[in-house]
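Summary of structural features
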Protein chains: 2
Amino acid sequence: MPTYRLVLEYDGAPFAGWQIQPGQLTVQGELTRALAVAMRHEVKVHGAGRTDAGVHALGQCASFDSQVEMAPYRLRAAVSGLCRPFITAVEAAIAPSGFHARFDALGKHYRYQLLCRAAPSPLLCATTCHVTASLDRQAMLEAAALLVGTHDFGAFRAADCERGTTTRTLSRVELVERDPVLSIEVEGDGFLKNMVRIIAGTLVDVGRGRRTVDDVRGALDTGDRDLAGITAPAHGLALVSVRYGAGWICESRASSSRGNRKL
Amino acid sequence: MPTYRLVLEYDGAPFAGWQIQPGQLTVQGELTRALAVAMRHEVKVHGAGRTDAGVHALGQCASFDSQVEMAPYRLRAAVSGLCRPFITAVEAAIAPSGFHARFDALGKHYRYQLLCRAAPSPLLCATTCHVTASLDRQAMLEAAALLVGTHDFGAFRAADCERGTTTRTLSRVELVERDPVLSIEVEGDGFLKNMVRIIAGTLVDVGRGRRTVDDVRGALDTGDRDLAGITAPAHGLALVSVRYGAGWICESRASSSRGNRKL
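The shown structure was predicted, so the numbers you read here are calculated from the model rather than taken from an experiment.

**Focus: the overall build of chain A**
Helices and strands together make up the secondary structure of chain A, namely 5 helices and 11 strands. By the compact-globule yardstick of 18 Å for 263 residues, chain A fits well, its C-alpha radius of gyration being 19 Å. Summarising the internal contacts of chain A: among those between residues at least 6 apart in sequence, 72% fall at separations of at least 24.

Dropping the structure here:
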């Protein structure tokens, strides 16, 4: 019975998040519906990260088992066709037996995009959070550097987050400027509920001078949610990619850019 | 009587193009409506380029005269507020007397974006043209290089183009790859109707092997429209910026990113 792996891009705007919920439009729900048609039986699909309502994905990973053998390029096209226009399968592959998109994920890369100028942007409004205030990049860089490493991120999670432990390791919290967008790139081994959005909200507060680098240090030391910033809006966030170990290399990968690089 | 200059970003999707037309939603029409409210009298607004229906702009330039004195930052905010959500004024400025956005433009920069992969993109579908075929970058580069310089672009214009002369000078036709998007960057002193879209369609044809570099040479030599490619869809195109001479430097510029660069 083959295990399949999908790499998914989606526009988070219409969805009540990844996780299937009765009566709501969700990414997992749409995929479940589409895969039942494509594979001709019900499948249980697992996502690497349960993105919140409104959060986008460029490279969400999902896995499922099926008794049906299907060529990856057909699966890729079927999912894209059945889930359009808000979800597309960028890649499909047959994964090594036992692969699970969530349990086997070693890390994830999220990107939070800030539109940094006075004017709103008709072309970027769906994927960036508009910040009109001046942002002190140097202070933001200092605060970002504090977050890298293994810390108790108890101050950086939603009130209803149910995870037992709050210690996580971030390998990267970087600012990437590409005028007029300032991106906060966050990579880590695991994330608490709303963690990246609270990190983004905190860094913006530091940039505007509403919070200090010492407040961020205090939030990490004490776990006090009040020392961290607000939860930044969902539409600025995207799950960029999910990292797996070398043991989970997929065969017969139907990549989306197959054959496109001739130079 | 001050002359004002605006730098505009817009989403071309809802508009029947730049030029005002009775009973149609147009960029010039919306601006005219907004400026009548902001300036409290009718104004005639001139755009540097008359973008086609569906074509976007990141930096269209417009000018108008008004007897009303208004601080540029107020004008910028008023236009953005009155034209939302599809048009925004990224900058506003008082221009030297006599400035005309169209007649004084020395050159324009257009960008045509191709999404180069098998899967469609929910997040990029509004601003990229999806090409699933493999593209031979080397052949495209050779064809692009032929177009640079002063040529008769008679083969690269719409059938209903009314310009008298068809000789134009392109200073740049470049391919910029930023996976999964391949951008065709075109800069020149002037453009015929649909010229950039026909250049994009021609380069894609060359990339797919449907046309040769010699066909492009032939199109330039003979002016034969049949040797050039199709007119690529409007939604992949954006007017990036307009270039003016040093004599038209604006005072009291209310830039959109004012004060945002602290590093």
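From this point, the discussion proceeds with the structure in view.
**What about the relation of the copies chain B and chain A?**
Aligned on chain A, chain B shows an RMSD of 0.0 Å; the corresponding rotation is 180° and the shift along the axis is 0.0 Å. The transformation just described matches what one would write down for a two-fold rotation axis. With an isologous cut-off of 70% or more, the 97% of interface residues of chain B that recur at the interface of chain A puts this contact in the isologous class.

**Some details on the domain arrangement of chain A**
Residue and element names in this part refer to chain A. Segmenting chain A into domains produces domain 1 (3–103 + 245–254) and domain 2 (106–240). Here the C-alpha centre of domain 2 lies 27 Å away from the C-alpha centre of domain 1. The interface of domain 1 with domain 2 comprises 15 residues on the first partner and 11 residues on the second. Per-class residue counts for the side of domain 1 that touches domain 2 are 6 nonpolar, 8 polar and 1 charged.

**Side note on the pairing of strand β1 (residues 3–10) of chain A**
Residue and element names in this part refer to chain A. When you tally the buried positions in β1, you get 7 out of 8 residues, the bulk of the element. Of the strand pairs in this sheet, β1 and strand β4 (residues 87–95) are connected by 8 bridges, and their pairing is antiparallel. In the sheet register, R5 faces β4, and the bridge partner there is A93. Note that β1 and strand β3 (residues 56–65) share 7 bridges and pair antiparallel. Among the inter-strand pairings, Y4 is bridged to a residue of β3, identified as F64.

**Section: the nonpolar core**
The tendency in soluble globular proteins is for nonpolar side chains to be buried as a group. Counting residues in hydrophobic clusters, the biggest one holds 74 residues, and the most contacted among them are L8(B), V196(B), I199(B) and L203(B). At 8 residues, the largest contribution of residues to this core is made by helix α4 (residues 195–208) of chain B. Each of domain 1 (3–103 + 245–254) and domain 2 (106–240) of chain B accounts for three or more of the residues forming this core. When residues no more than four places from it in sequence are discounted, the contact partners of I199(B) are L147(B), F156(B), V173(B) and V186(B). Formed by 73 residues, the second largest nonpolar core is a distinct cluster that contains V27(A), I94(A), A143(A) and L220(A).

**Regarding the interface of chain B and chain A**
Residue-level contacts link 37 residues of chain B with 36 residues of chain A. The greatest single-element share of the side of chain B that touches chain A, amounting to 4 residues, is contributed by strand β4 (residues 87–95) of chain B. Broken down by class, the residue content of the side of chain B that touches chain A amounts to 16 nonpolar, 11 polar and 10 charged.

**Description of the packing of helix α1 (residues 27–39) of chain A against helix α2 (residues 72–83) of chain A**
Angle between the axes and distance between the axes: these two values describe a pair of packed helices. Residues and elements named next belong to chain A. At a closest axis distance of 9 Å, the pairing of α1 and α2 adopts a crossing angle of 125°. The orientation of α1 with respect to α2, classified from their angle, is oblique. Relative to α2, α1 is oriented so that their crossing is right-handed. Between α1, through E30, L31, A34, V37 and A38, and α2, the contact on the second element is made entirely by L75, A78, V79, L82 and C83. Classifying every residue of the contact of α1 with α2 gives 9 nonpolar, no polar and 1 charged.

**What about the environment of A77(B)?**
Along the chain, the position of A77(B) falls in helix α2 (residues 72–83). Among the residues examined, A77(B) registers 17 C-beta atoms within 10 Å and is labelled partly exposed.

**Re the environment of G17(B)**
Residue and element names in this part refer to chain B. Counting through the fold element by element, G17 comes out in the loop between β1 (3–10) and α1 (27–39). Sequence separation of G17 and V176 is 159 residues, and the distance between their C-alpha atoms is 26 Å. Setting aside chain neighbours within four positions, we find G17 in contact with T26, R50, T51, D52 and A53.

**Things to note about helix α5 (residues 213–222) of chain B**
Residues and elements named next belong to chain B. Among the residues making up α5, those that are buried are D215, V216, A219 and L220. Here the buried residues of α5 occupy an arc of 140° about the axis, which is enough to place them on one side. Residues of α5 that are exposed and angled more than 90 degrees away from the buried face: D214 and D221. Following α5 by one or two positions, G223 adopts a phi angle in the positive range, close to 75°.

**Some words on the confidence of the model for chain A**
Residue and element names in this part refer to chain A. Of the residues in chain A, 95% have a pLDDT of 70 or more, and the chain-wide mean is 93. Of the regions scoring below 50 in pLDDT, residues 257–263 engages in 17 contacts with residues more than four places distant in sequence or in other chains. Here the predicted complex carries an ipTM of 0.90, next to a pTM of 0.93.

**Regarding helix α4 (residues 195–208) of chain A**
Helix length check: α4(A) (14 residues) gives 20 Å between terminal C-alpha atoms against 20 Å at 1.5 Å per residue, within 8%. Just past α4(A), the residue G209(A) takes up positive phi, approximately 85°.

Conventions used here
- Residues numbered from 1 in each chain as written.
- Chains lettered and ligands numbered in written order.
- Predicted model: local features only at pLDDT ≥ 70, side-chain atom pairs only at ≥ 80, totals over all residues.
- Helix = DSSP H or I, 4+ residues; strand = E, 2+ residues; numbered from the N terminus.
- Rg over C-alpha atoms; globule rule 2.2 N^0.38 Å.
- Contact = placed C-beta atoms within 7 Å.
- Least-squares fit on C-alpha atoms with pLDDT ≥ 70 in both.
- Domains from an automatic or database assignment.
- Nonpolar A, V, L, I, M, F, W, Y, C, P; charged D, E, K, R; others polar.
- Buried ≥ 20, exposed ≤ 12 C-beta atoms within 10 Å, placed from the backbone.
- Pairing = 2+ DSSP bridges.
- Core = buried A, V, L, I, M, F, W, Y, C linked by C-beta atoms within 7 Å.
- Axes fitted to C-alpha atoms, helices over the stretch in contact; angles between N-to-C directions.
- Parallel < 35°, antiparallel > 145°, perpendicular 65-115°, else oblique.
- Left-handed = near helix turned anticlockwise from the far one by under 90°.
- Arc of directions from axis to C-beta.
- pLDDT = per-residue confidence, 0-100.
- Expected span 1.5 Å × (residues − 1).

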